[in-house]
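Inside the fold
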Amino acid sequence: MTYYMILNNTIWDTTRNTGDAFRWFNDWSARGFNAGLKFLRDDDKENAAWLLASLIDNREEKIAA
């Protein structure tokens, strides 16, 4: 399972560690960011392409931390 950390509709980072994913989510949400997590099975390439396409297009707009 891969966890995608989403900030302001842009992929910020990915992890396979559940604890890290929820820690990131809680930290960024507490700071007032529009934070989200997407969970994708590693073998689900079709769903990943569809679900993450618009987020990958915004990667150059990644915010600085």
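See the structure printed just above.
Residues numbered from 1 in each chain as written. Predicted model: local features only at pLDDT ≥ 70, side-chain atom pairs only at ≥ 80, totals over all residues. Heavy atoms only, no water.

1. Side note on the overall build of the chain
- Looking only at helices and strands, the chain features two helices and three strands.
- The helix and strand sequence of the chain, counted from the amino end, reads β-β-α-β-α.
- Relative to its full complement of 65 residues, the chain shows a buried share of 31%.
- For the chain, the proportion of contacts with a sequence separation of at least 24, taken over those separated by at least 6, is 53%.
- Of the accessible surface of the chain, which amounts to about 4,400 Å², a share of 48% is contributed by carbon and sulfur atoms. (Helix = DSSP H or I, 4+ residues; strand = E, 2+ residues; numbered from the N terminus. Buried < 20%, exposed > 50% of the residue type's maximum accessible area, 1.4 Å probe, protein only. Contact = heavy atoms within 4.5 Å. Areas by Shrake-Rupley, 256 points an atom, 1.4 Å probe, with all protein chains shown as cover.)

2. Side note on the nonpolar core
- Tyr-3, Met-5, Leu-7, Trp-12, Ala-21, Trp-28, Ala-35 and Leu-37 together form the largest nonpolar core, which totals eight residues.
- Counting residues per element, this core draws most heavily on strand β1 (residues 2-7), which supplies three residues.
- Among residues more than four places away in sequence, those in contact with Leu-37 are Tyr-4, Met-5, Ala-21, Phe-22 and Phe-25. (Core = buried A, V, L, I, M, F, W, Y, C linked by side-chain atoms within 4.5 Å.)

3. What to know about the pattern of salt bridges
- On inspection of all chains with the given rule, the structure shows two salt bridges.
- Close ionic contact of Asp-20 with Arg-23 constitutes a salt bridge, the shortest N to O distance being 2.5 Å. On the criterion of helical spacing, the pair formed by Asp-20 and Arg-23 is a turn pair, its members being three residues apart in helix α1 (residues 18-30).
- The partly exposed category is assigned to Asp-20, whose relative accessible area is 24%. (Salt bridge = Lys/Arg side-chain N within 4 Å of Asp/Glu carboxyl O.)

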